[in-house]
Amino acid sequence: MFLFREKETEKLKEFLKSKTKKAMAIYGRRRTGKTELILNFLHNAGKNKCVYFQCTSYDYNSCLSDFITTLQAYYPTESLITSFTSFRDIFIYISKLPKSVPIIIIDEFPFLAKKNENTVVEFQWIIDHALGKNKLILLGSNRSFMRNQLSNQVAPLYGRFDEILEVLPFTFDEVHTIYKNFDEAMNVYAVTGGVAQYVMFFQDYNNCEDAINNLFFDKNGRLFQEASNMLLQELKDSTTYVSILRSIGANSKTSCQIAHKCNIDQRAVFTYLNKLIELGIIETEENFLATKKQEKRFKISDLLFRYNYTFIEPNSSIITALGKDSKKFVLGNRYSEYMGFVYEDLIKANCYKYASKGIIPFMPIKVGKWWGNILMEGEWQESEVDLIAFNSEQIIIGECKFKNKAIGLKELESLKAKATSIPTRGRKVIYLLASKAGFTIDLKRLSDDIILIKGI
């Protein structure tokens, strides 16, 4: 099923029509549907307009041989193609043919190029000198390799692409379009992060619980080892990275805490953390309104990895032994807390959308959270606020509650008490409460003074 890729498809069409654009890069996390996007585009554009080739080997000569075999189907009378010993020579030759195929697509390009930098230099030359009237699209799931080529100024392919397209996971709203029930959509999104293939797996089962039992709480489940396998595809040795992800999944937040938990030198831990950030698996959180310099926090941003390294991987033995019967021991009371963090992230991510729709009365320049010491009942204690969003004059201070019970004045008063410790620096304070289950009548009566968001 091909869903929610209208913008990406339109960009491909524009690239095909352009008389000046020659090269395009498409990249994104594995399983987001890059190949499906291209195959759907091929189907609609007509196969005679595109050569599609997928690399399946790290070996240059094997890929070259397979590429030649693919080309023979498009150029059956050009027997000379089989004699070439490099991609460079092939591209030079086909660019001069009177009837060339307009677009050449190479899927999983990192398989071909990652272990041989000369190949990347070769394709730099091909893009610069050997395309002729042809166009080239390179696809890749290895995010660190592709991002390095696209953003590192010393990388051979830097600046060579006329179009760059990142294929992202589905948004929560898109997942909710597929799974109409709000709780079901939240559960699907919370364990998949909206990754297209994983989201569609859930359609093979009668309900969300049944899907999670079969996908995660079964040693043969399709997602039981998916995160671990993805790490192995990106890294030579994933042992230390697994330890770090387990540590963050168990609520270690700072580099000091992570280094101590994993028994890693505090200076060396940043090498691993930066690599996980580069892979899009973790991200940093910064306390924008801290009164003194505070250490950044780290969290797992990829929700498949967050769910896996919070619950599945640390408990793989019990899951292997008990299957779905292990779920109550593995999840316990922590799953509701986990869902609360996912809900909080969604509300924060939606702040710009809320501002554009007038739900928030200004467009924020920063969105995040706050943590620090607050005075409660005469004692200083560490606390945090789920949401801050501000510009130079106004600030939103908010809490997000993913509970089945409507929230009321008690939660508002608690938020106001915390807010007294936040250095707002003269900004006008606006309070926000987001609740899965909605709000009590007495709180709704104060709606002129606060922003209330039910659901997402």
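Residues numbered from 1 in each chain as written. Predicted model: local features only at pLDDT ≥ 70, side-chain atom pairs only at ≥ 80, totals over all residues. Heavy atoms only, no water.

Student: Provide a residue-level description of the state of the cysteines, including the pertinent values.
Tutor: Among covalent bonds in proteins, the disulfide is the one between the sulfur atoms of two cysteines. Counting across every chain of the model gives zero disulfides. Lacking any disulfide linkage, C256 is separated from the closest cysteine sulfur, that of C262, by 13 Å. (Disulfide = S-S within 2.5 Å.)

Student: Describe the packing of helix α16 (residues 303-312) against helix α19 (residues 334-349), naming the residues involved and giving the relevant values.
Tutor: Closest axis-to-axis distance for the α16/α19 pair is 12 Å, and the angle between their directions is 160 degrees. By the angle between their directions, the pair α16 and α19 is classed as roughly antiparallel. Read as a crossing pair, α16 and α19 show a hand that is right-handed. For the pair α16 and α19, the contacting residues are L303, R306, Y307, T310 and F311 in the first and R334, Y335, Y338, F341, V342 and D345 in the second. A class-by-class count of the residues in the contact of α16 with α19 yields seven nonpolar, one polar and three charged. (Axes fitted to C-alpha atoms, helices over the stretch in contact; angles between N-to-C directions. Helix = DSSP H or I, 4+ residues; strand = E, 2+ residues; numbered from the N terminus. Parallel < 35°, antiparallel > 145°, perpendicular 65-115°, else oblique. Left-handed = near helix turned anticlockwise from the far one by under 90°. Contact = heavy atoms within 4.5 Å. Nonpolar A, V, L, I, M, F, W, Y, C, P; charged D, E, K, R; others polar.)

Student: Help me get a handle on the packing of aromatic side chains, residues and values and all.
Tutor: All chains considered together, the criterion is met by 25 aromatic pairs. Ring geometry for F4 versus F170: centroids 5.1 Å apart, planes at 85 degrees, classification edge-to-face. Taken together, the residues F4 in the segment before α1 (6-17) and F170 in the loop between β5 (163-166) and α8 (172-178) connect sequence positions 166 residues apart. F170 gets classed as buried once you look at its relative accessible area, which sits at 5%. Aromatic side chains F67 and F87 sit 5.2 Å apart centroid to centroid with 35 degrees between the ring planes, which places their arrangement in the tilted category. Note that F67 is positioned in helix α3 (residues 60-74) and F87 in helix α4 (residues 87-95), a separation of 20 residues in sequence. (Phe/Tyr/Trp six-rings, centres within 6.5 Å; stacked < 30°, edge-to-face > 60°. Buried < 20%, exposed > 50% of the residue type's maximum accessible area, 1.4 Å probe, protein only.)

Student: Now, about the pattern of salt bridges: what can you tell me, with residues and values included?
Tutor: One pass over the full model with this rule turns up 29 salt bridges. A salt bridge links E166 to R143; the shortest N-O distance between them is 3.6 Å. You can see E166 sitting in strand β5 and its partner R143 sitting in helix α7 (residues 143-151), a full 23 residues away along the chain. When its relative accessible area of 25% is taken as the criterion, E166 is described as partly exposed. A residue is classified by how much of its surface remains accessible, and R143, at 11% relative accessible area, is buried. Here the salt bridges do not stand alone but share partners, grouping K253, E283, E285, R297, K299, R306, E344, D345, K348, K369, E382 and E384 into one network. (Salt bridge = Lys/Arg side-chain N within 4 Å of Asp/Glu carboxyl O.)

Student: An account of α4 is needed here, citing residue identities and associated values.
Tutor: Looking at α4, one finds that the buried residues are F87, I90, F91, Y93, I94 and S95. Against α3, β3 (103-107), α5 (109-113), α6 (117-129) and β4 (135-140) lie the buried residues of α4.

Student: Describe empty space enclosed by the protein, and please don't skip the residues or the numbers.
Tutor: Counted according to the given criterion, the structure contains three cavities of 30 Å³ or more. Taken as a whole, the largest cavity encloses approximately 100 Å³ of empty space. Lining the largest cavity, in full, are R29, R30, S141, R143, M230, E234, L279, I281, D302 and F305. In the lining of the largest cavity, the residues fall into four nonpolar, one polar and five charged. Roughly 50 Å³ of internal volume is contained in the second largest cavity. Taken together, R30, Y58, E108, P110, F111, K114, N142 and Q233 make up the lining of the second largest cavity. Here the lining of the second largest cavity is composed, by residue class, of three nonpolar, two polar and three charged. (1 Å grid on protein atoms, 1.4 Å probe; cavity = no way out; pocket = protein on both sides within 12 Å on 5 of 7 lines; lining within 4 Å. Points joined across faces, edges and corners; volume = space filled by probe spheres on them.)

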